[in-house]
Amino acid sequence: MFQWTKKPGVAEGAAPAVRDINDLKGQVAVISGSTSGIGLALARAVAIRGGAVVLNGLGDPSEIERTRSELESSCGVPVRYHGADMRKGEEVADMVAFAKHDLGRLDILVNNAGIQHVEAVEKFPSDKWEQIIAINLSSAFYATRAAIPIMKAQGRGRIVNIASAHGLVASPFKSAYVAAKHGVLGFTKTVALELAQDNITCNAICPGFVETPIVEKQIADQARTRGISKEAVLKDVILAAQPTKRFVTTDELAGIFLYLVSDLGASANGASFSIDGGWTAQ
Ligand code: NAD
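Residues numbered from 1 in each chain as written. Predicted model: local features only at pLDDT ≥ 70, side-chain atom pairs only at ≥ 80, totals over all residues. Heavy atoms only, no water.

Let's talk about the site of the ligand
In step 1: Residues in contact with the ligand amount to 30 residues; listed here are only the nearest, Ser 36, Asn 112, Tyr 177, Val 210 and Thr 212.
In step 2: A distance of 2.5 Å separates an oxygen atom of the ligand from a polar side-chain atom of Tyr 177.
In step 3: One nitrogen or oxygen atom from the main chain of Val 210 is found 2.7 Å from an oxygen atom belonging to the ligand.
In step 4: Protein chains shield 94% of the accessible area of the ligand, which is 820 Å² for the free molecule.
In step 5: Counting atoms within 2 Å of the grid points, the majority share of the ligand lands in the largest pocket.
In step 6: At the level of secondary structure, the elements contributing two or more residues to the shell around the ligand comprise α1 (37-48), α5 (175-195) and α6 (213-226).
In step 7: If one sorts the elements of the shell around the ligand by residue count, α6 sits on top with 3 residues.
In step 8: For the shell around the ligand, the per-class residue count stands at 16 nonpolar, 12 polar and 2 charged.
In step 9: Residue-level mapping places the shell around the ligand at the junction of two domains, with at least three residues from each of domain 1 (28-208 + 248-271) and domain 2 (211-247). (Near = heavy atom within 4 Å. Polar contact = N/O pair within 3.5 Å; in protein donor to acceptor, adjacent residues only side chain to side chain. Areas by Shrake-Rupley, 256 points an atom, 1.4 Å probe, with all protein chains shown as cover. 1 Å grid on protein atoms, 1.4 Å probe; cavity = no way out; pocket = protein on both sides within 12 Å on 5 of 7 lines; lining within 4 Å. Sits in = over half its atoms within 2 Å of the grid points. Helix = DSSP H or I, 4+ residues; strand = E, 2+ residues; numbered from the N terminus. Nonpolar A, V, L, I, M, F, W, Y, C, P; charged D, E, K, R; others polar. Domains from an automatic or database assignment.)

Things to note about empty space enclosed by the protein
In step 1: Applying the stated criterion across every chain, the model contains 1 cavity of 30 Å³ or more.
In step 2: Counted as a void, the largest cavity has a volume near 60 Å³.
In step 3: Ser 32, Asn 111, Asn 112, Ala 113, Ile 135, Asn 136, Ser 139, Ala 140, Asn 161, Ile 162, Lys 181 and Val 184 together form the lining of the largest cavity.
In step 4: Secondary structure elements with two or more residues in the lining of the largest cavity: α4 (126-154), β5 (157-162) and α5.
In step 5: Of the residues in the lining of the largest cavity, the class split is 5 nonpolar, 6 polar and 1 charged. (Points joined across faces, edges and corners; volume = space filled by probe spheres on them.)

Focus on the sheet that holds strand β1 (residues 28-31)
In step 1: Overall, parallel pairing links the 7 strands, which are arranged β3-β2-β1-β4-β5-β6-β7 in an open sheet. Because the sheet does not close on itself, it has two edges, and the strands there are β3 (79-82) and β7 (272-275). Each neighbouring strand pair of the sheet contributes to a mean axis angle of 20°, computed without reference to strand direction.
In step 2: Together, β2 (52-56) and β3 form the strand contacts of helix α2 (residues 61-75), whose direction differs from that of β3 by roughly 155°. (Pairing = 2+ DSSP bridges. Axes fitted to C-alpha atoms, helices over the stretch in contact; angles between N-to-C directions. Contact = heavy atoms within 4.5 Å.)

Regarding unusual backbone geometry
In step 1: The phi dihedral of Phe 173 is positive, around 75°, even though this residue is not glycine.
In step 2: Within the secondary structure layout, Phe 173 lies in the loop between β5 and α5.
In step 3: Phi at Lys 245 is positive, roughly 60°, even though this residue is not glycine.
In step 4: Mapped onto the secondary structure, Lys 245 falls in the loop between α7 (230-238) and α8 (250-261).

Comments concerning the nonpolar core
In step 1: Core analysis: the largest hydrophobic core is formed by 29 residues, its most contacted members being Ile 31, Leu 42, Ile 205 and Phe 257.
In step 2: When residues of this core are traced back to their parent elements, those giving at least two are β1, α1, β2, β4 (108-111), β5 and α8.
In step 3: Residue contributions to this core peak at 7 residues, all from α8.
In step 4: Those residues in contact with Phe 257 that lie beyond four places of it in its chain are Leu 42, Val 46, Ile 108, Val 110, Val 160 and Ile 205.
In step 5: Residues Val 54, Ala 147, Ile 150 and Val 191 belong to the second largest nonpolar core, which totals 28 residues. (Core = buried A, V, L, I, M, F, W, Y, C linked by side-chain atoms within 4.5 Å. Buried < 20%, exposed > 50% of the residue type's maximum accessible area, 1.4 Å probe, protein only.)

Brief notes about the environment of Gly 83
In step 1: Tracing the backbone shows Gly 83 in the loop between β3 and α3 (89-103).
In step 2: On the basis of relative accessibility, which here comes to 47%, the residue Gly 83 falls in the partly exposed class.
In step 3: For the pair formed by Gly 83 and Asp 94, sequence separation is 11 residues and the distance between their alpha carbons is 9.9 Å.
In step 4: If we ignore the near neighbours within four places in the chain, the residues touching Gly 83 are Asn 56 and Glu 91.

A short note on the packing of α1 against α2
Angle between the axes and distance between the axes: these two values describe a pair of packed helices.
In step 1: The N-to-C vectors of α1 and α2 enclose an angle of 25°; their axes lie 9 Å apart at closest approach. One way to sum up the angle between α1 and α2 is to call them roughly parallel. As α1 packs across α2, the resulting crossing turns out to be right-handed. For the pair formed by α1 and α2, the contact residues are Leu 40, Ala 43, Arg 44, Ala 47 and Ile 48 on the first element and Thr 67, Glu 70, Leu 71 and Cys 75 on the second.
In step 2: Residues of the contact of α1 with α2, tallied by class, amount to 6 nonpolar, 1 polar and 2 charged. (Parallel < 35°, antiparallel > 145°, perpendicular 65-115°, else oblique. Left-handed = near helix turned anticlockwise from the far one by under 90°.)

Right, dumping it as structure tokens:
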């Protein structure tokens, strides 16, 4: 019969150390584009677990204030808002500095803000191209560059970039978005290598389709571009790519996010995590 032998040095009755990956008490997270959708869900995931949050994003000021104060009072943690425009590098850097000045530290940076425009490449408007590259890609550079000295001084940091299945594969009519998201994965790998010995990790999450305002707008745009109904876009375009035939939920994204920001995620570095119902397995 198997007999368990006590390891030398282990005290009788000593319980193994339990690391609760859900405990974010005392930590501070900056999440770009967190006034709606995935960013707001991740902000809630942090605040529920005791972390303070800096929200960012566009929207009606009174609606944003309602969201901020509801999160703060329901979770009992400080929740701030910074209105940086992700198209402007200086404002992005100021948002990161604001977390340190106002909340005293910065543990988690989530580069999440993103926009989409659906159009054939030969008709793709230059201003839309520039905006998508600025918001979906360059803002991650400006925020990360500003966050690194703070994280290095603290001796620990977690950077999570919300890329997309479109960081790994393409779809027609999304040239700027696909280019930006592929760029995010390259940036993620480079940052990870540079910071590998600083106890700072940088990873990307690649969601499939999640039901948020960005997708609701795409359904209308795709219907116009392809000349088909919104119902047909949902069935034949959006969920056609996703083998589960359902949207990914924000809770499912929060699951991988909590792992990546925890101590258990310390060796996940420079990686991209597909949470896409099997889309990119095809
Ligand atoms: P969303 O439209 O709900 O959220 C986008 C957020 O970015 C909003 O808070 C918006 O205000 C903010 N934003 C846009 N322009 C900004 C600017 N100039 N300055 C500051 N904030 C700005 O969409 P979402 O689905 O939650 O998207 C979040 C991220 O997830 C994006 O990077 C998106 O590409 C990515 N993503 C989404 C899906 C999906 O199916 N929803 C799939 C893969 C990846």
